[in-house]
Amino acid sequence: MKKQSLFLLCLFVCMAMSAVSQITTVYRQGFEASEATTYTVVQGSASPQTAVAVAGSRALKLEHNTTGTMILFDTINLNNGAWQHFALEFFHINNVDPTTCDRSSLVGVIEVKRPGVDNDWTKVTNNFYNVVEGAYSTDFFDRGSFCSASYEGWDNMTVSDNMWKRERFDFDVFLSNQSAVGRKLLIRMTLMARNSATATTAGWYIDDVVLKASPDPMITPMLSMVDIPAAYAYPS
């Protein structure tokens, strides 16, 4: 029984490693000083800061101002025909009170566009939201926007590293009807305008933005000793 359990465990680990090895990181931006800047501040004000960071020493802060702040990530090429599954992952903190925005239902918004295919931007809503692989905000699921109400503790004006949340959005369906030849993706993030001239320290902090691609579904392997009970006792 011990040998059988150990064999099953090893087989599961090998399968998990194989699945992970098929995943390609197509785009990464961690906002560190040593990295190339692969995004553009289109509107408002956004800059790397050192108050909080997931890894390294810097994260990007989108300022909450009366004009709104928008960043556009560089065009991401996805012209590998083997890729069928695509996931956007990032960490963030948004401590902007929705009542201080022009439209309380829209605060921190993500949009995507397929260059050469779409004329307009598509707002990323719960249709793209991976509620299993990410942190999962019921507030975002309902309104399609991130703000201080999205997670417990985000209403604190003093940000800290224990406030970071990891999100994941899947674009498999969005990109499925596009030929791999010339397939590209644009992503932009917008912090909507403040409805008052009163200064605020609130903002949208973003770090470790990654777009991954894979020929197979990207499911995080879960190893459970409950499924392989005898593995606990090996070796005895």
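Structure shown above.
These figures come from a predicted structure and were not determined experimentally.

This paragraph deals with the overall build of the protein. The secondary structure content of the protein amounts to three helices and 12 strands. A total accessible area of about 11900 Å² is found for the protein, and carbon and sulfur atoms account for 54% of it.

In the structure shown here, the tally under the stated rule is eight salt bridges. Residues R168 and E133 are paired through a salt bridge, measuring 4.0 Å at the closest nitrogen-oxygen approach. Highlighted residues: R168 in strand 10 (residues 165–170) and E133 in the loop between strand 9 (122–123) and helix 2 (138–143), separated in sequence by 35 residues. Of the two residues, R168 and E133, neither departs from the other in class, the shared state being buried.

In total, this model carries zero disulfides according to the counting rule given. You can see C101 has no disulfide; the closest cysteine sulfur is in C147, sitting 8.0 Å from it. On the basis of relative accessible area, C101 is assigned to the buried category, the value being 3%.

Positive phi outside glycine occurs at F31, with the angle close to 65 degrees. Backbone geometry at D208 places phi at a positive 50 degrees, although glycine is not the residue there. Looking at where D208 falls in the secondary structure, it is placed in strand 12 (residues 203–214).

Turning to the packing of aromatic side chains, a few remarks are in order. Summed over the entire model, instances satisfying the criterion amount to 15 aromatic pairs. Summarising the aromatic geometry, the rings of Y27 and F73 are spaced 5.8 Å apart at their centres and angled 75 degrees between planes, so their arrangement reads as edge-to-face. In this pair, Y27 is assigned in strand 1 (residues 24–29) and F73 in strand 5 (residues 69–73), connecting sequence segments 46 residues apart. Accessibility expressed as a relative area gives 8% for Y27, which makes it buried. Overall, the relative accessible area of 2% leaves F73 in the buried class.

Here is what the cut-offs are and how they apply
- Residues numbered from 1 in each chain as written.
- Predicted model: local features only at pLDDT ≥ 70, side-chain atom pairs only at ≥ 80, totals over all residues.
- Heavy atoms only, no water.
- Helix = DSSP H or I, 4+ residues; strand = E, 2+ residues; numbered from the N terminus.
- Areas by Shrake-Rupley, 256 points an atom, 1.4 Å probe, with all protein chains shown as cover.
- Salt bridge = Lys/Arg side-chain N within 4 Å of Asp/Glu carboxyl O.
- Buried < 20%, exposed > 50% of the residue type's maximum accessible area, 1.4 Å probe, protein only.
- Disulfide = S-S within 2.5 Å.
- Phe/Tyr/Trp six-rings, centres within 6.5 Å; stacked < 30°, edge-to-face > 60°.

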